[in-house]
Amino acid sequence: PARFLNRTRQAGWLPPSLMHRVLTTLSWARKIDRFTMMDSFSLELVNFDTQKMETPDIRGVEYQKGTLLGTEIRAYLLNKWDGLCAYCGKEGREVEHLTPRSRGGTNRISNLVLSCQACNEAKGSRSVDEFLAKRPAVLKRIQAQQRASLHDAAAVNATKTWLVRELRRFGSPVETGSGAQTAFNRAQQGYDKAHWTDAACVGDSGAAVAVHPLQPLLIKSMGRGNRQMCGTDRYGFPA
Ligand SMILES: [Zn+2]
């Protein structure tokens, strides 16, 4: 009988390729903490904070003012639609309401797609069903894509959830931010794009940081050799 389904894994198990990211980060957090006594952690948790985009008034001054929210929504749509118009497939930059505002459509992310200016004007104040009445295939594709989530983010999210939980054990506050928030913070302060300036601009605390006198500490992860218990000769026999 098949014996491959009788293996159990601990809850929250991560594949080794992802686990090593968690462990490397944790061991460096421990090393740096020993010398500098870090008082808080800021971690970029997701590319786009879809929960905040759905309910923009939950917290945060920038979200209430709408500047960061607008940036985040546009960045999310550009990513989701690959910068292409949902209706015609040409390059698009407009944030487009499926059900228009004048007909009771909301600003929720589920009502928004990306479109080009021509399609945006052609659609006018019609709903998407009316606009695409003669192009049912396009309508179907848009509805399918609205339902689809960002699957590729799932593995990364699993890693980050692990990391947040482990960092909390240090006892210092752990704040989290979205990638779009990082980009917004960096742009507001006029810093050049680099991995380390991005790292400095993560989260709410990243809205006001002085990076210029700083130098990044660059860390290179090296393998530790292979995991084979016994080497083989060139014919595959144990050496
Ligand atoms: Zn178009």
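The paragraphs below set out a description of the structure included in this document. (Residues numbered from 1 in each chain as written. Predicted model: local features only at pLDDT ≥ 70, side-chain atom pairs only at ≥ 80, totals over all residues. Heavy atoms only, no water.)

This part takes up the overall build of the protein. When helices and strands are counted, the protein shows ten helices and four strands. Counted from the first residue to the last, the protein has its helices and strands arranged as α-β-α-α-α-β-β-α-α-α-α-β-α-α. Considering the protein as a whole, with its 239 residues, one finds that 31% of them fall into the buried category. Of all intrachain contacts in the protein linking residues separated by at least 6 positions in sequence, the fraction that spans at least 24 positions is 57%. When the accessible surface of the protein is totalled, it reaches about 16300 Å², and 55% of it is carbon and sulfur. (Helix = DSSP H or I, 4+ residues; strand = E, 2+ residues; numbered from the N terminus. Buried < 20%, exposed > 50% of the residue type's maximum accessible area, 1.4 Å probe, protein only. Contact = heavy atoms within 4.5 Å. Areas by Shrake-Rupley, 256 points an atom, 1.4 Å probe, with all protein chains shown as cover.)

Within the first shell, the zinc ion binds the protein through C85 (SG), C88 (SG), C116 (SG) and C119 (SG), at distances of 2.2 to 2.3 Å. Relative to the metal, the four donor atoms surrounding the zinc ion lie at angles of 103 to 118°, and the coordination shape comes out tetrahedral. (Donors = N, O, S within 2.8 Å, 3.2 Å for Na, K, Ca; no water. Tetrahedral: all angles 85-135°; square planar, octahedral: opposite > 155°, others 65-115°.)

Here the largest pocket is characterised by a volume of approximately 2000 Å³. Lining the largest pocket are 47 residues; nearest its centre among them are T25, S42, H195, A199 and A200. Taken together, the elements giving at least two residues each to the lining of the largest pocket come down to helix 1 (16–36), strand 1 (41–46), helix 8 (153–168), helix 9 (179–189) and helix 10 (195–200). Looking at which element gives the most residues to the lining of the largest pocket, the answer is helix 1, with nine residues. Taken together, the residues of the lining of the largest pocket break down into 25 nonpolar, 15 polar and seven charged. (1 Å grid on protein atoms, 1.4 Å probe; cavity = no way out; pocket = protein on both sides within 12 Å on 5 of 7 lines; lining within 4 Å. Points joined across faces, edges and corners; volume = space filled by probe spheres on them. Nonpolar A, V, L, I, M, F, W, Y, C, P; charged D, E, K, R; others polar.)

With that settled, the discussion passes to the pattern of salt bridges. Summed over all chains, the structure comprises six salt bridges. R93 serves as the salt-bridge partner of E91, at 3.4 Å between the closest nitrogen and oxygen. Overall, the relative accessible area of 44% leaves R93 in the partly exposed class. Between D198 and K193 there is a salt bridge, with its nearest N and O atoms 2.8 Å apart. Judged by relative accessible area, which is 62%, K193 ranks as exposed. Residues joined by salt bridges that share partners form a network here, namely R186, K193 and D198. (Salt bridge = Lys/Arg side-chain N within 4 Å of Asp/Glu carboxyl O.)

Turning next to the packing of aromatic side chains. Scanning the entire structure with this criterion turns up two aromatic pairs. Between F41 and F170, the ring centres sit 5.3 Å apart and the planes meet at 70°, which makes this aromatic pair edge-to-face. Here F41, found in strand 1, pairs with F170, found in the loop between helix 8 and strand 4 (174–178); they are 129 residues apart in sequence, far enough to count as distant. By relative accessible area, which is 8% here, F41 ends up buried. We note K31 situated over the ring of W28; from NZ or CZ to the ring centre the distance is 4.5 Å. A cation sits over an aromatic face here: R165 above W162, 4.8 Å from the ring centre. (Phe/Tyr/Trp six-rings, centres within 6.5 Å; stacked < 30°, edge-to-face > 60°. Lys NZ or Arg CZ within 6 Å of the ring centre and 35° of its normal.)

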